[in-house]
Amino acid sequence: MGAKSFALILTAAGSSARFSSSGSGSVSAAVKKEYEPLQSSLFPTQKGGTVLSCAAEAFLADAATDEADADTAGNTDNDTADKPESRRYSDDFILSRLIITVPPEADHKAKALKALYAGSFVRNRLTEAGLKPEFVVGGADRSESVFRALEYLAGKNEPDVVLVHDAARPFVSPALIRRVLHLCAEKGAAAPAIPPVDTCKETDETGGRITRHLQRSRLAAVQTPQGFRFKPFFEAHKKARTDGKTYTDDTEIWGVYAGDVFLCEGERSNMKITYKEDLPVASSLPAPTASDTSVSSCPAPTACVSVFRTGLGTDTHRLVENRPLLIGGVRIPFEKGELAHSDGDVLLHAITDAVLGAAALGDIGELFPPSDDTWKGADSAFLLKAAWERVQKAGWLLENLDCVITIEKPKMLPWREAVQKRIAEILGCETGRVFVKAKTAEGLGDIGEGNAVGAQCVCLLRMHAD
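Since we're looking at a predicted model, the values are computed, not measured.

This paragraph deals with the overall build of the protein. A tally of helices and strands in the protein yields 13 helices and 17 strands. When the 466 residues of the protein are sorted by exposure, 49% land in the buried category. For the protein, the accessible area works out to roughly 21,500 Å², and carbon and sulfur atoms hold 51% of it.

The following block contains the structure:
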């Protein structure tokens, strides 16, 4: 089965009335929160940025870029059928359309485009993909705005899946987006959610009296992006338009007219900008949870510090006769070697997973699946280099690698320096950033009996803000 197409709807048609209100409740001159300056959390070194551009970045950050399209990168036509690789969000999904809902005033399309392109990443990535943003005038409320966007999508290059995301949520991570896409493709409708921090109560119409005590263990704070199969989602919205009800989000519409909505793990750092005080300062952003891959943002590059991420990679291969023993890109004389789909370099495989994991950009099995004969006998140095280039494009730098090889024989100490040098060559870094040590299994298990070899790698990546 081929990759599914998905369209992204960024909702930015609201009035930002609460954002424009002062602490006393009075309303100042209208300020559109999505156009407010904000330093990118994914790419702190990038100059400029707005709430809107930061919200779009994560949906583009994981898309692979096809260098073969470089000669046509200036093409701005919206016919992208010939550029699937440059729009590939992962092995399973391809971004096909980017829709932004805007207020009805005539100047908002131009303002939204300026805000979207405030940081260079979004403009460059859309150009590489041959995509351009499409603007739809929103309605009186959120559901009407989303319906208009769906109506605009219908009948022309319809996607398999649509993601609806608050343009005022600029801290969403690529990992969260992948979770929503995969669950949506499996179940039909998906949304991220986190456990509520406060105890929620149901009140009377005035809000002054508690009428029902809710069981917090069964409550969830639902975030965006929310994902839906396009056709049933559009049909559900058509029905909701005429039922006279008010819906606060799209999961409610799907729940009434299409079926169950399934939840995946959200991220506490995926906060929504509603009031001016929600615009972050470096010291007050919520710390990302263990599952978060987004990084804390800050109001200006000078206020930022370096952001660090760690990654862990492991691999094990059986040792058999008539195969070369490859460790860290160096062929080591021995009577046995790794049995694998590729050349089997166990250490380079562990390093590849470590750097990809730290950047939340997949793993070696996703990028180079063993089911694909393209990678049969592949040079693991090539695989690592390709993965590392992907990590570098996302803005990450290598601080260090610490590696452990577990093998009973042969002794690795004589080869350590050569292995460290070769790894540094592959990654284009100083040799001092790479350290390799070896252990035996003390005769225990397959490794101890000389029938297998294992490797572990911990890496530290840094994203520096100038």
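So, on to the pattern of salt bridges. Tallying each qualifying case throughout the model produces 20 salt bridges. The salt bridge partner of aspartate 250 is arginine 142, with a shortest N-O separation of 3.7 Å. Here aspartate 250 is found in helix α8 (residues 250-257), whereas its partner arginine 142 is found in helix α5 (residues 142-153), with 108 residues between them in sequence. A salt bridge links arginine 169 to aspartate 166, with the nearest nitrogen and oxygen atoms 2.9 Å apart. A relative accessible area of 10% means that arginine 169 is categorised as buried.

At a minimum axis separation of 9 Å, helix α7 (residues 230-240) and α8 run at an interaxial angle of 90°. If you check the angle between α7 and α8, you find them roughly perpendicular. Where α7 approaches α8, its residues Pro232, Phe233, Ala236, His237, Lys239 and Ala240 are matched on the opposing element by Asp250, Ile253, Trp254 and Tyr257. In the contact of α7 with α8, the residues fall into seven nonpolar, one polar and two charged.

Here the focus is the nonpolar core. Residues Ile327, Leu347, Ile351, Val391, Leu401, Ile423 and Leu461 are the most contacted members of the largest nonpolar core, which totals 44 residues. Per element, the largest residue contribution to this core is nine residues, and it comes from helix α9 (residues 346-358). With near-sequence residues (within four places) excluded, leucine 461 lies in contact with Val307, Phe308, Arg309, Val355, Ala358, Ala359, Trp388, Val391, Trp396, Leu397 and Leu398.

For leucine 113, the location among the structural elements is in helix α3 (residues 108-116). On a C-alpha basis, the gap between leucine 113 and serine 53 in space is 9.3 Å, while along the polypeptide they are 60 residues apart. Ignoring anything within four residues of it in the chain, the contact list for leucine 113 reads Pro133 and Phe135.

Glancing now at the pairing of strand β15 (residues 397-406). Both β15 and strand β17 (residues 452-463) contribute to a ladder of nine bridges, which runs antiparallel. Within β17, the position partnered with leucine 397 by the bridge is arginine 462. The pairing of β15 with strand β16 (residues 434-439) spans six bridges and is parallel. Among the inter-strand pairings, valine 404 is bridged to a residue of β16, identified as lysine 437. Handedness of the β15-helix α12 (residues 416-427)-β16 crossover: right-handed.

Take the layout of surface pockets next. Its boundaries defined by the atoms lining it, the second largest pocket holds a volume of some 660 Å³. Lining the second largest pocket are 30 residues, with Gly14, Arg18, Arg142, Asp166 and Lys272 positioned closest to its centre. Taken together, the elements giving at least two residues each to the lining of the second largest pocket come down to α1 (17-20) and α5. Counting residues per element, the lining of the second largest pocket draws most heavily on α1, at three residues. Considered class by class, the residues forming the lining of the second largest pocket number eight nonpolar, 12 polar and 10 charged.

Right, let's talk about the packing of aromatic side chains for a bit. Evaluation of the coordinates by the stated rule reveals five aromatic pairs. Where phenylalanine 228 meets tryptophan 254, the ring centres are 5.6 Å apart and the plane angle is 35°; that geometry is what we call tilted. Taken together, the positions of phenylalanine 228 in strand β9 (residues 226-229) and tryptophan 254 in helix α8 put the pair 26 residues apart, joining distant regions of the chain. Grouping residues by exposure puts phenylalanine 228 and tryptophan 254 together as buried. Ring geometry for phenylalanine 230 against phenylalanine 234: centres 5.9 Å apart, planes inclined by 25°, an arrangement best described as stacked.

With that out of the way, let us pick up the environment of histidine 213. As for its position among the elements, histidine 213 is in strand β7 (residues 210-213). Of the residues examined, histidine 213 reaches a relative accessible area of 59% and is grouped as exposed. Separated by 14 residues in sequence, histidine 213 and threonine 199 have C-alpha atoms that sit 9.0 Å apart. Of the polar contacts made by the side chain of histidine 213, one reaches the side chain of lysine 201; its length is 2.9 Å.

On to the confidence of the model for the protein, then. For the protein, the average pLDDT comes to 83, and 84% of its residues sit at 70 or higher. In the predicted structure, residues 63-84 sits below a pLDDT of 50 and forms 42 contacts with residues beyond four places in sequence or in another chain. For residues 281-305, every residue scores under 50 in pLDDT, and the model assigns this stretch 65 contacts once sequence neighbours within four places are set aside.

Basis of the calculations
- Residues numbered from 1 in each chain as written.
- Predicted model: local features only at pLDDT ≥ 70, side-chain atom pairs only at ≥ 80, totals over all residues.
- Heavy atoms only, no water.
- Helix = DSSP H or I, 4+ residues; strand = E, 2+ residues; numbered from the N terminus.
- Buried < 20%, exposed > 50% of the residue type's maximum accessible area, 1.4 Å probe, protein only.
- Areas by Shrake-Rupley, 256 points an atom, 1.4 Å probe, with all protein chains shown as cover.
- Salt bridge = Lys/Arg side-chain N within 4 Å of Asp/Glu carboxyl O.
- Axes fitted to C-alpha atoms, helices over the stretch in contact; angles between N-to-C directions.
- Parallel < 35°, antiparallel > 145°, perpendicular 65-115°, else oblique.
- Contact = heavy atoms within 4.5 Å.
- Nonpolar A, V, L, I, M, F, W, Y, C, P; charged D, E, K, R; others polar.
- Core = buried A, V, L, I, M, F, W, Y, C linked by side-chain atoms within 4.5 Å.
- Pairing = 2+ DSSP bridges.
- Right-handed = clockwise from strand over helix to strand, strands pointing away.
- 1 Å grid on protein atoms, 1.4 Å probe; cavity = no way out; pocket = protein on both sides within 12 Å on 5 of 7 lines; lining within 4 Å.
- Points joined across faces, edges and corners; volume = space filled by probe spheres on them.
- Phe/Tyr/Trp six-rings, centres within 6.5 Å; stacked < 30°, edge-to-face > 60°.
- Polar contact = N/O pair within 3.5 Å; in protein donor to acceptor, adjacent residues only side chain to side chain.
- pLDDT = per-residue confidence, 0-100.

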